[in-house]
Amino acid sequence: MGIVTGYLSQLVSSGIKLLNNGTEVSSSNPLPVGGKSVQKSASFTRPADTTAYAANDAVANSTSAPALLTFANCANANGGQGYIVK
């Protein structure tokens, strides 16, 4: 194993400082992260029955031929990913 010297030694001993717009990252100057937060909604009419939804049921507009709810522009790219919260 070699010995760390020079500038690399300074980085190792003092830590690497991250900058955001030329200022060191801190709780008051956080590092921005990628991502997109959006609020979207969709609606449907519940089937005209009184059957309660159960775990793993599809919440949909029909019990025999449900239509998918679509949410446009929710990911940074087609095929992107994310999660839905209530």
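Residues numbered from 1 in each chain as written. Predicted model: local features only at pLDDT ≥ 70, side-chain atom pairs only at ≥ 80, totals over all residues. Heavy atoms only, no water.

### Things to note about the overall build of the protein chain
- The helix and strand inventory of the protein chain stands at 1 helix and 2 strands.
- Along the protein chain, from the amino end to the carboxyl end, the secondary structure elements read α-β-β.
- Counting the 86 residues in the protein chain, one finds 5% classified as buried.
- Here the analysis covers contacts within the protein chain between residues at least 6 apart in sequence; of these, 33% occur between residues at least 24 apart.
- With the model as given, the accessible surface of the protein chain reaches about 8,100 Å², and the carbon-plus-sulfur share is 54%. (Helix = DSSP H or I, 4+ residues; strand = E, 2+ residues; numbered from the N terminus. Buried < 20%, exposed > 50% of the residue type's maximum accessible area, 1.4 Å probe, protein only. Contact = heavy atoms within 4.5 Å. Areas by Shrake-Rupley, 256 points an atom, 1.4 Å probe, with all protein chains shown as cover.)

### Remarks on unusual backbone geometry
- The phi torsion at N56 lies on the positive side, around 70 degrees, for a residue other than glycine.
- Overall, the relative accessible area of 83% leaves N56 in the exposed class.

### Observations regarding the environment of N20
- By secondary structure assignment, the location of N20 is in strand β1 (residues 19-20).
- On the basis of relative accessible area, N20 is assigned to the buried category, the value being 13%.
- Along the chain, N20 and L31 lie 11 residues apart, while their C-alpha atoms are 6.0 Å from each other.

### Examining the environment of L69
- Mapped onto the secondary structure, L69 falls in the segment after β2 (23-24).
- Here L69 falls in the partly exposed class, since its relative accessible area comes to 38%.
- Excluding anything up to four places from it in sequence, L69 contacts A42, S43 and F44.

### Considering a nonpolar patch on the surface
- On the surface, a nonpolar cluster with roughly 580 Å² of combined accessible area is contributed by F44, Y53, V59, L69, F71 and I84.
- Within the secondary structure, F44 is located in the segment after β2. (Patch = residues over 30% accessible without salt bridge, like charges linked within 9 Å, V, L, I, M, F, W, Y side chains within 5 Å. Salt bridge = Lys/Arg side-chain N within 4 Å of Asp/Glu carboxyl O.)

### Focus on the environment of S43
- Relative to the elements of secondary structure, S43 occurs in the segment after β2.
- You can call S43 exposed: its relative accessible area is 67%.
- Separated by 27 residues in sequence, S43 and T70 have C-alpha atoms that sit 9.8 Å apart.

In short, the description is geometric, and any link to function would need to be established separately.
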